[in-house]
Amino acid sequence: MTETTDTIDVSGYSFEKAVAELESIVARLERGDVALDESIAIYERGEALKKHCEKLLNAAENRIEKIRLDRAGKVQGVEPLDGE
């Protein structure tokens, strides 16, 4: 399963598109009307979508954490993502 999941390319998907497709996959699997082979394939695609969403969320969290505030709580500026 891991080899197949790693080769599924969803890297160009926006967060919103990935979540929408992931929700569609979950709904199909929950209905239970999908053949076993197809269930496995769409589950693997769901795993790739989940990992992609986590990557995008982590990047957003890191960016937000780098916003500098002054003592009054007003935005003072931002720091580079890889800088301290």
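Residues numbered from 1 in each chain as written. Predicted model: local features only at pLDDT ≥ 70, side-chain atom pairs only at ≥ 80, totals over all residues. Heavy atoms only, no water.

Under an unreviewed UniProt entry, the chain has the name Exodeoxyribonuclease 7 small subunit and belongs to Aliirhizobium cellulosilyticum. Within the UniProt record for the chain, the comment given under Function (unreviewed entry) is "Bidirectionally degrades single-stranded DNA into large acid-insoluble oligonucleotides, which are then degraded further into small acid-soluble oligonucleotides." The Catalytic activity (unreviewed entry) comment attached to the chain in UniProt states, word for word, "Exonucleolytic cleavage in either 5'- to 3'- or 3'- to 5'-direction to yield nucleoside 5'-phosphates." (UniProt positions renumbered as here; feature names shortened; annotations may be inferred.)

J.: Please explain the pattern of salt bridges as it appears in this structure.
T.: If charged atoms from side chains of opposite charge come close, those side chains can pair. Inspection of every chain in the model, using the stated rule, returns 4 salt bridges. E21 is the partner of R45 in a salt bridge, and the nearest nitrogen-oxygen pair spans 2.4 Å. Here E21 lies in helix α2 (residues 15–31) and R45 lies in helix α3 (residues 36–65), a separation of 24 residues in the sequence. The exposure class of R45 is partly exposed, given its relative accessible area of 21%. Among the ionic pairs, R28 bridges to E38, the shortest N-O distance being 2.3 Å. Of this pair, R28 sits in helix α2 while E38 sits in helix α3, and the two are 10 residues apart along the sequence. We classify E38 as partly exposed; its relative accessible area is 35%. (Salt bridge = Lys/Arg side-chain N within 4 Å of Asp/Glu carboxyl O. Helix = DSSP H or I, 4+ residues; strand = E, 2+ residues; numbered from the N terminus. Buried < 20%, exposed > 50% of the residue type's maximum accessible area, 1.4 Å probe, protein only.)

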